[in-house]
Number of protein chains: 2
Amino acid sequence: MDKLQLPTLEDVARQAQVSTATVSRCLSRPETVKDTTRERVMQIVSELGYTPNFGAQAMVARRTNTIGAVIPTMDNAIFAKGLQAFQEEISKQGANLLVASSSYRKDLEEKQIRSLIARGVDGLLLIGDDRDEEIYAYLEKRQIPFVLAWNYREASSRTYVGFNNFQASYDMAKLVVEYGHTHIAMIAGITEGNDRALDRLAGAGEALIDSGLPRDNFTVTESKYDFDAAGNAFEKISGLGRPPTAIICGNDVLAVGAILRAKTLGIRVPQDISITGFDDIEISTIVEPGVTTVHVPHRRMGTSAASVLFKALQEQKTRSRKFETHIVKRQSLCAPSGPP
Amino acid sequence: MDKLQLPTLEDVARQAQVSTATVSRCLSRPETVKDTTRERVMQIVSELGYTPNFGAQAMVARRTNTIGAVIPTMDNAIFAKGLQAFQEEISKQGANLLVASSSYRKDLEEKQIRSLIARGVDGLLLIGDDRDEEIYAYLEKRQIPFVLAWNYREASSRTYVGFNNFQASYDMAKLVVEYGHTHIAMIAGITEGNDRALDRLAGAGEALIDSGLPRDNFTVTESKYDFDAAGNAFEKISGLGRPPTAIICGNDVLAVGAILRAKTLGIRVPQDISITGFDDIEISTIVEPGVTTVHVPHRRMGTSAASVLFKALQEQKTRSRKFETHIVKRQSLCAPSGPP
DNA sequence: TTGTAGGCGTTATCAG
DNA sequence: CTGATAACGCCTACAA
């Protein structure tokens, strides 16, 4: 079937007995047209239900009014929340949001970035900064403004809208030590291609070293972000010859997964083993015991990322924005009980 | 600053010593070009890093290869999950996804739909079917293929990819009655502009009537989809002169919100009061007691919605797709205890 | 204040 | 197999 023939500028012009230039002006700069003419034109515009053709407009304007975002997945509350806020702000600014996902895979992410750029996005939201230099070069060459979110680096020429994952994780680990734990494990996210996961792992590691704990007292397992995988990691750890008294998890999903498995194994949290999370998403308040975790302002970051991007679009310059995090104490972390 | 001057077809043509037509052919139908020519052209293409201009391509092709989706919010696991699956399928088909959100507001949704259409989407994913006839007329007139997801109607000319909310809720209410409950309340979602919420409410209501329960034994409260609001609704209900022994909730968020509040009030679930949910999202397995709820295949619906849409794009005809749901029994629903 | 005309980058038609 | 050339729909100098 044939595509419907939509009315064009020319159709409107003809019916309104003016030139296409006048119609165009009525739409873009109404004040430059005489009132009576404008009214007549606008009348026809609405009668015909005329809408400017997107492709044509994009071609001549050399911009699409579209922002792209490539995130690991929407199926993780932190990105869902942040992206929702990001979208709301984008929409408020009269632009549209093109969403793609990478499933935490570098190669896929690169493909998606290129795809979005080919689609003509005016700006881009990316998560974290662990990607090939080649992509940055590409972005640079095409002069596409972009912001890196969910992480933050002090000394960098790039624009970050996020928080210091390393520091936040460092602080959490320090807290765990303060509670008296000396044998600690970490269930980290997969660090390959994930700077946030890597920073969290590194931060915790450094804190333990700074605390003077022997390296052997710290065991690390990487796990996918799902309950079952986290549960398996937990089971492995808890079955160790001398199991740790606390497990630092790379995020709340891992923490909850660990807690759920602990329950099925009859291991009590926090009496038998303490567990901490990261992100402070809803599930960490629902599970029992509540998860002691790092609160991150996901929505505010999303909104802010959009603002920063728009500023970049208008003024050609961007400024990173750093957010603070803080630890929320619930019940999953307590002092270790003495040896039985 | 000036927008970077990207290489055009003509740039490639000049350098490769061929016409723009040949370059274009190399890219779209390589087999129609002589090998040696093609190789030379492709060489230049990659040297220059040429990418077809999106606007120009869209204008002449009269399509953008872009699908739009307007959902209430990504900050609800059911839509986040579904949209993620939808996006993956879209991407697999080589298209891109434009996302907008309505915050469950009809007026905003309409605005977003129009915005996406102006942006040139080839097809549209919408949630449910409660919207002004005017919008459907608009969609019809512009000939934009669209699918209505997360609900399903037997007799309709529109295309649905979803499940029967009424029936599923009916079945759940029947089950509650079978357990022996005679005084039942419902915490429904806000039904204004939300056909799924309305159908769930109606389904439960009809089941109770069919079961011969007096109308007065069924009280209904509407609540926003957040824990706190649901908690307030729960508190109001549980403070009634003769509180119900079971509360049917419009979704899992409401159910969990109710359960959490019950805990702070010292009311035991399900011993003192039973609670049921709807959707079967993760939180219903995390909270204690686990929520007896209606399982909905959100991801599969998302994937399917994309397929149906693509079929519509290719063959100009669509076919609704119905998904089955089933009740998952956990611990939040049990028989009422006798009078104390 | 309004109209004319050229150009934006591709694709498709039709000769050669 | 390849090359002109004409759309596609809109915007914007520049002229009137």
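So, how was this worked out
- Residues numbered from 1 in each chain as written.
- Chains lettered and ligands numbered in written order.
- Predicted model: local features only at pLDDT ≥ 70, side-chain atom pairs only at ≥ 80, totals over all residues.
- Near = placed C-beta within 6 Å.
- Helix = DSSP H or I, 4+ residues; strand = E, 2+ residues; numbered from the N terminus.
- Nonpolar A, V, L, I, M, F, W, Y, C, P; charged D, E, K, R; others polar.
- Pairing = 2+ DSSP bridges.
- Axes fitted to C-alpha atoms, helices over the stretch in contact; angles between N-to-C directions.
- Contact = placed C-beta atoms within 7 Å.
- Least-squares fit on C-alpha atoms with pLDDT ≥ 70 in both.
- Parallel < 35°, antiparallel > 145°, perpendicular 65-115°, else oblique.
- Domains from an automatic or database assignment.
- Core = buried A, V, L, I, M, F, W, Y, C linked by C-beta atoms within 7 Å.
- Buried ≥ 20, exposed ≤ 12 C-beta atoms within 10 Å, placed from the backbone.
- Expected span 1.5 Å × (residues − 1).
- Left-handed = near helix turned anticlockwise from the far one by under 90°.

**Considering the protein's contact with DNA strand D**
Okay, so step 1: In the vicinity of DNA strand D lie 26 residues, with A:Thr8, A:Leu9, A:Asn53, B:Ala21 and B:Thr37 positioned nearest.
Okay, so step 2: Secondary-structure elements contributing two or more residues to the surface near DNA strand D are helix 2 (20-28) and helix 4 (54-61) of chain A together with helix 2 (20-28) and helix 4 (54-61) of chain B.
Okay, so step 3: Broken down by element, the surface near DNA strand D gets its largest block of residues, six residues, from helix 2 of chain A.
Okay, so step 4: Of the residues contributing to the surface near DNA strand D, the split by class is 13 nonpolar, eleven polar and two charged.

**A closer look at the protein's contact with DNA strand C**
Okay, so step 1: A:Ala21, A:Lys34, A:Thr37, B:Leu9 and B:Asn53 are the nearest of the 25 residues found near DNA strand C.
Okay, so step 2: Where the surface near DNA strand C is concerned, the elements lending two or more residues are helix 2 and helix 4 of chain A together with helix 2 and helix 4 of chain B.
Okay, so step 3: Here the surface near DNA strand C is built from residues that sort into 13 nonpolar, eleven polar and one charged.

**Topic: the sheet that holds strand 8 (residues 246-249) of chain B**
Residues and elements named next belong to chain B.
Okay, so step 1: Strand order in this open sheet of four strands is 7-6-8-9, and the pairing throughout is parallel. On the outer flanks of this sheet lie strand 7 (218-223) and strand 9 (274-276), each paired with one strand and no other. On average, adjacent strands in this sheet sit at an angle of 20° to one another, irrespective of strand direction.
Okay, so step 2: With four bridges connecting them, strand 6 (residues 184-189) and strand 8 associate as parallel partners. Bridging across to strand 8, Ile184 finds its partner in Ala246.
Okay, so step 3: Each of strand 6, strand 8 and strand 9 is contacted by helix 8 (residues 165-178), which is oriented at about 170° to strand 8, the strand it contacts most.

**Digging into the relation of the copies chain B and chain A**
Okay, so step 1: Overlaying chain B on chain A yields an RMSD of 0.1 Å, the required transformation being a rotation through 180° with an accompanying axial translation of 0.0 Å. Taken together, the turn and the small shift mark the pair as related by a two-fold rotation axis.
Okay, so step 2: A share of 95% of interface residues in chain B that are also interface residues in chain A marks the association as one of identical surfaces.

**Let's talk about the sheet that holds strand 3 (residues 123-127) of chain A**
Okay, so step 1: Read from one edge of the open sheet, twelve strands run 11(A)-5(A)-4(A)-3(A)-1(A)-2(A)-2(B)-1(B)-3(B)-4(B)-5(B)-11(B), paired in mixed fashion. On the outer flanks of this sheet lie strand 11 (321-322) of chain A together with strand 11 (321-322) of chain B, each paired with one strand and no other.
Okay, so step 2: Two elements, strand 2 (residues 96-101) of chain A and strand 2 (residues 96-101) of chain B, share three bridges in a ladder whose sense is antiparallel. For A:Leu97, the partnering residue across the bridge sits in strand 2 of chain B and is B:Val99.
Okay, so step 3: Relative to the sheet, helix 5 (residues 77-92) of chain A contacts strand 1 (66-71), strand 2 and strand 3 of chain A together with strand 2 of chain B, its axis offset from that of strand 2 of chain B by approximately 80°.

**A few points about the packing of helix 1 (residues 9-16) of chain A against helix 2 of chain A**
All names here are of chain A.
Okay, so step 1: Relative orientation of the contacting elements helix 1 and helix 2 amounts to 105°, with a least axis distance of 8 Å. Viewed along their axes, helix 1 and helix 2 adopt a mutual orientation that is roughly perpendicular. The segment helix 1 lies against helix 2, with Leu9, Glu10, Val12, Ala13 and Ala16 engaging Thr20, Val23 and Ser24.
Okay, so step 2: For the contact of helix 1 with helix 2, the residue count by class is five nonpolar, two polar and one charged.

**Quick notes on the domain arrangement of chain A**
It is common to give the size of an interface as the accessible area lost on bringing the parts into contact.
Residues and elements named next belong to chain A.
Okay, so step 1: Looking at chain A, the domain boundaries give domain 1 (61-163 + 297-324) and domain 2 (165-296).
Okay, so step 2: Taken over C-alpha atoms, the centre of domain 1 sits 29 Å from the centre of domain 2.
Okay, so step 3: In this complex, domain 1 contributes 14 residues to the contact, which on the side of domain 2 involves 13 residues.
Okay, so step 4: Within the side of domain 1 that touches domain 2, the residues separate by chemical class into six nonpolar, four polar and four charged.

**Observations concerning the nonpolar core**
Okay, so step 1: One finds A:Ile247, A:Ala258, B:Ile187, B:Ile247 and B:Ala258 to be the most contacted residues of the largest nonpolar core, which totals 170 residues.
Okay, so step 2: With residues up to four places along the chain from it excluded, the contact list for B:Ile187 reads B:Thr221, B:Ser223, B:Ala230, B:Ala233, B:Phe234, B:Ile247, B:Cys249, B:Gly250, B:Leu254 and B:Ala258.

**Things to note about the pairing of strand 2 of chain B**
A regular strand carries its side chains on alternate faces of the sheet.
Residue and element names in this part refer to chain B.
Okay, so step 1: Among the six residues of strand 2, six are classified as buried, and the element is accordingly described as predominantly covered.
Okay, so step 2: Of the two faces of strand 2, the one carrying Asn96, Leu98 and Ala100 and the one carrying Leu97, Val99 and Ser101 are both buried.
Okay, so step 3: Inspection of the sheet shows strand 1 (residues 66-71) paired to strand 2 by six bridges, in the parallel sense. Paired with Ile67 across the bridge in strand 2 is Leu97.

**Examining the interface of chain B and chain A**
Okay, so step 1: Each partner contributes residues to the interface: chain B has 42 residues there, and chain A has 40 residues.
Okay, so step 2: For the side of chain B that touches chain A, the elements supplying multiple residues, two or more each, are helix 4, helix 5 (77-92), strand 2, helix 6 (106-118) and helix 12 (283-286) of chain B.
Okay, so step 3: If one sorts the elements of the side of chain B that touches chain A by residue count, helix 5 of chain B sits on top with seven residues.
Okay, so step 4: The class makeup of the residues in the side of chain B that touches chain A is 19 nonpolar, 14 polar and nine charged.

**Observations regarding helix 13 (residues 298-315) of chain A**
All names here are of chain A.
Okay, so step 1: The first and last C-alpha atoms of helix 13 sit 26 Å apart over 18 residues, in line with the 26 Å expected at 1.5 Å per residue.
Okay, so step 2: Within helix 13 the residues assigned to the buried category are His298, Met301, Gly302, Thr303, Ser304, Ala305, Ala306, Val308 and Leu309.
Okay, so step 3: Its buried side turned inward, helix 13 meets strand 1, helix 5, strand 3, strand 4 (146-149), strand 5 (160-162) and strand 11.
Okay, so step 4: Just downstream of helix 13 lies Gln316, where phi reads positive at about 65°.

**A closer look at the packing of helix 1 of chain A against helix 3 (residues 35-48) of chain A**
All names here are of chain A.
Okay, so step 1: At a minimum axis distance of 9 Å, the contact between helix 1 and helix 3 shows a crossing angle of 125°. In terms of orientation, helix 1 lies oblique with respect to helix 3. You can see that helix 1 and helix 3 cross each other, and the crossing is right-handed. Of helix 3, the residues touching helix 1 (which contributes Asp11, Val12, Gln15 and Ala16) are Arg40, Val41, Ile44, Val45 and Leu48.
Okay, so step 2: Residues belonging to the contact of helix 1 with helix 3 are distributed by class as follows: six nonpolar, one polar and two charged.

**Description of unusual backbone geometry**
Okay, so step 1: With an omega of 5°, the peptide bond between B:Val269 and B:Pro270 qualifies as cis.
Okay, so step 2: Along the chain, B:Pro270 turns up in the loop between helix 11 (252-265) and strand 9.
Okay, so step 3: One non-glycine residue, A:Gln17, lies in positive phi territory at about 60°.
Okay, so step 4: Counting through the fold element by element, A:Gln17 comes out in the loop between helix 1 and helix 2.
Okay, so step 5: Note on A:Gln17: 11 C-beta atoms within 10 Å, which makes it exposed.
Okay, so step 6: Here A:Arg62, not a glycine, exhibits a phi torsion of approximately 60°, which is positive.
Okay, so step 7: Residue position: A:Arg62 is located in the loop between helix 4 and strand 1.
Okay, so step 8: Classification of A:Arg62 by C-beta neighbours within 10 Å gives partly exposed; the count is 15.

**Here we look at helix 8 (residues 165-178) of chain A**
Owing to its 3.6 residues per turn, the α-helix aligns residues three or four sequence positions apart on the same side.
Residues and elements named next belong to chain A.
Okay, so step 1: In this model, helix 8 (14 residues) spans 20 Å end to end at C-alpha, consistent with the 20 Å of a helix rising 1.5 Å per residue.
Okay, so step 2: Burial in helix 8 covers these residues: Asn165, Phe166, Ala168, Ser169, Tyr170, Met172, Ala173 and Val176.
Okay, so step 3: For helix 8, the elements touching its buried residues are strand 6 (184-189), helix 9 (195-210), strand 8 (246-249), strand 9 (274-276), strand 10 (293-295) and strand 12 (326-328).
Okay, so step 4: Gly180 sits one or two positions beyond helix 8 and adopts a positive phi of about 110°.

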